[in-house]
Amino acid sequence: MLYVRISLAIAAIVSALFFPPWVPLILIGALALRFEALEVLFIGLMMDFLWLPGAFFSPIPLFTIAAFLILWGLEPLRRELFV
Amino acid sequence: MMSLYRHSNKNGRRLFFAVVLVIVIFLIDGVSGGNIREALRLGASYAWGAGARAGSALLDSGFFSTRRALERENQALRNEIARLQMRAADHEVIKAENESLREFVRLAESGNGITAPIVSSFRASPYGTFLIGAGVEDGVEDGDLVVVGDVELGGFVVGRVEDAGGGQSLVKGIFAPGERTEATIQGVGITVEGRGGGQARADAPRDAVIQAGDPVISTSFGVRAIGIVGRVEEGTGGASQRVFIQLPIPLASLEFVYVLIQ
């Protein structure tokens, strides 16, 4: 299972560089649904550091916020299905 | 039940600390003048370059030879179409310019500029941004215009430098999703709204004579062209017509851009 988790995380990081934003978003969702994957937050942060102009939350770092919402929102479902 | 509660509580604490850590990283990056994001972007541009080289080597290896030959021919034809479209659009721009406009363009052309490679994907950014391989070390600053096409004729502005780093800069596309720009088509003032992927749209008065191929000029970008009209859609009974705007060259086919240094 650790291999699956690492593979998904690496795929999300690579897709953040090469593929449209919905690809890492789906991979982040898969990670958050199957694992208690706090790395999802840092992948969102990486997306914003890479592509978002400006600093100090201006403009709003949408991908980091989306990663947090996915992680937090899918937690009850993950506990119901996989714990 | 108690065990589930403890488990949930532990998860909540971990998530809280992770969020705090993310905020701290944001703050450190802000205080350090964007050092973390600059290092990440440098790494990303290397990764993009390595990925592009690996992809090219794989395609040139002969493994996909038949497909490759067709793709090459397809690409050559697309480039030819893009080149012709660019020339036609440039021609339209010249026709549309009056004397005072030419004066402005001459002033803008006299500015310095450098050619910079594009070092990231156009489609990966959720914010309509992309990376170019030139930064403060090359004289690039925030606010510099990024142009494609024949710069002697004014070219087409595709974006503006938003975050100039040491060796690379982040450019925000004019047609980034939700981005609004004031512009004119045949002297009619419009507000162009970006749709991403080098596409935009605007609403113009119904009686304005606008047709496909007309240049879209923006005073916000030194009285330069930002695109051409691709299609005009007249609704029934409305007071306006919808204008679809595009760049004369597909963004994905671009390898280099020209940065006008202020």
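Computed from a predicted structure; not experimentally measured.

Asker: Residue-level account of the overall build of chain B, with values.
Answerer: The secondary structure content of chain B amounts to four helices and 12 strands. Put simply, chain B has 262 residues, and 40% of those count as buried. Considering only contacts in chain B between residues 6 or more positions apart, those separated by 24 or more positions represent 58%. Working note: accessible area of chain B is about 14,100 Å², and carbon and sulfur atoms make up 56% of it.

Asker: For the interface of chain B and chain A, give the residues involved together with the corresponding values.
Answerer: Contacts between the two partners involve 38 residues from chain B, matched on the other side by 35 residues from chain A. Together, the buried faces of chain B and chain A total about 3,200 Å²; carbon and sulfur atoms form 76% of this surface. It is L15, F26 and Y127 of chain B in chain B that bury the most area against chain A; as a group they hold 22% of the surface buried on that side. Taken together, the connections running from chain B to chain A amount to one salt bridge. Residue R14 of chain B pairs with E36 of chain A through a salt bridge whose shortest N-O separation is 2.8 Å. Counting the contacts that link chain B with chain A gives nine residue pairs in polar contact (both at pLDDT 80 or more). Secondary-structure elements contributing two or more residues to the side of chain B that touches chain A are α1 (2–31), α2 (35–60), β2 (129–132), β4 (156–164) and β5 (169–173) of chain B. Sorting elements by how many residues they give to the side of chain B that touches chain A places α1 of chain B first, with 16 residues. Within the side of chain B that touches chain A, the residues separate by chemical class into 21 nonpolar, nine polar and eight charged.

Asker: Could you give an account of the packing of aromatic side chains, naming the residues involved and the relevant values?
Answerer: For the structure on display, the rule yields five aromatic pairs over all chains. Taken together, a centroid distance of 5.2 Å and an interplanar angle of 70° make the contact between F49 of chain A and F26 of chain B edge-to-face. In this pair, F49 of chain A is assigned in helix α3 (residues 39–51) and F26 of chain B in helix α1, connecting two distinct chains. A relative accessible area of 1% places F49 of chain A in the buried class. Ring centres 4.6 Å apart and planes at 55° place the aromatic pair F122 of chain B and F130 of chain B in the tilted group. You can call F122 of chain B partly exposed: its relative accessible area is 21%. The ring of F35 of chain A has R34 of chain A sitting right over it, with the charged end atom 5.5 Å from the ring centre. Sitting over the ring of F244 of chain B, R231 of chain B keeps its end group 4.4 Å from the ring centre.

Asker: Provide a residue-level description of the pairing of β4 of chain B, including the pertinent values.
Answerer: All names here are of chain B. Counting buried residues in β4 gives seven out of nine residues, a clear majority hidden from the surface. Two strands pair when backbone bridges link them, and strand β3 (residues 145–148) and β4 are joined in this way by four bridges, in the antiparallel orientation. Note on β4: the bridge partner recorded for V148 is F156. The pairing of β4 with β5 spans five bridges and is antiparallel. When the sheet's bridge partners are listed, D163 is paired in β5 with L170. Remark: four residues form the turn of the hairpin made by β4 and β5, two consecutive strands paired antiparallel.

Asker: Now, about the packing of helix α2 (residues 22–34) of chain A against helix α4 (residues 62–82) of chain A: what can you tell me, with residues and values included?
Answerer: Residues and elements named next belong to chain A. Across the interface, α2 lies against α4 with an axial gap of 7 Å and an inter-helix angle of 35°. Regarding α2 and α4, the two cross each other, and that crossing is right-handed. Facing P24, L25, I28, G29, A32, L33 and R34 of α2, the residues of α4 in contact are F63, I70, L71, L74, L77, R78 and F82. Considered class by class, the residues forming the contact of α2 with α4 number 11 nonpolar, one polar and two charged.

Asker: Report on the nonpolar core, specifying residues and quantitative values.
Answerer: I190, V192, V216, I226 and I245 of chain B are the most contacted members of the largest nonpolar core, which has 49 residues in total. Here this core takes five residues from β4 of chain B, the largest share from any one element. Ignoring anything within four residues of it in the chain, the contact list for V216 of chain B reads A183, T184, I185, I190, V192, R224, A225, I226, G227, I228, V229 and I245 of chain B. Among the nonpolar cores identified, the runner-up in size contains 38 residues, and A9 of chain A together with V22, F26 and Y127 of chain B belong to it.

What counts, and where the lines are drawn
Counting restarts for each chain, with residues numbered from 1 along the sequence as it is written. Working convention: letters from A go to chains and numbers from 1 go to ligands, in the order in which they are written. At least 70 in pLDDT is required for a residue's local features to be given in this predicted model, at least 80 for side-chain atom pairs to be given and counted, and no such filter applies to totals for whole chains, interfaces and linings, which use all residues. Only heavy atoms go into the side-chain values, all of them from the structure, while hydrogens and water stay out. Where helices and strands are cited, they refer to DSSP runs of H or I of at least four residues and of E of at least two residues respectively, numbered from the N terminus. For the exposure calls, accessible area comes from a 1.4 Å probe over protein chains only, and a residue counts as buried if that area is under 20% of its type's maximum, exposed if over 50%, partly exposed in between. We call two residues in contact whenever any of their non-hydrogen atoms come within 4.5 Å of each other. In this description, accessible areas are obtained by the Shrake-Rupley approach with a 1.4 Å probe, and a residue is regarded as covered only by the protein chains that are shown. Buried area adds together the accessible area that both of two parts lose upon being put together, with accessible area traced by a 1.4 Å probe. Salt bridges are defined as contacts in which a side-chain nitrogen from Lys or Arg sits within 4 Å of a carboxyl oxygen from Asp or Glu. Definition of a polar contact: a pair of N or O atoms within 3.5 Å, with one able to donate and the other able to accept a hydrogen when the atoms are protein atoms, and with sequence-neighbouring residues admitted only if both atoms are side-chain atoms. Side-chain classes follow a simple rule in which Ala, Val, Leu, Ile, Met, Phe, Trp, Tyr, Cys and Pro form the nonpolar group, Asp, Glu, Lys and Arg form the charged group, and the remainder, Gly included, forms the polar group. To pair, rings of Phe, Tyr and Trp, with the six-membered ring standing in for Trp, must have centres within 6.5 Å; the planes then decide the type, stacked if under 30 degrees apart, edge-to-face if over 60, and tilted in the middle. Charge-over-ring contacts are defined here by two conditions on Lys NZ or Arg CZ: a distance within 6 Å of the ring centre and an angle within 35 degrees of the ring normal. The rule for pairing is simple: two strands pair if DSSP sees at least two bridges between them. Fitted lines through C-alpha atoms serve as axes, helices being fitted only where they are in contact, and the angles separating the N-to-C directions of these axes extend from 0 to 180 degrees. The handedness criterion is simple: a crossing whose near helix is rotated anticlockwise from the far helix by less than a right angle is left-handed, and one whose near helix is rotated clockwise is right-handed. What is meant by a nonpolar core is a set of buried Ala, Val, Leu, Ile, Met, Phe, Trp, Tyr and Cys residues, joined one to another through side-chain atoms within 4.5 Å.

So yeah, pure geometry; function would need other evidence.
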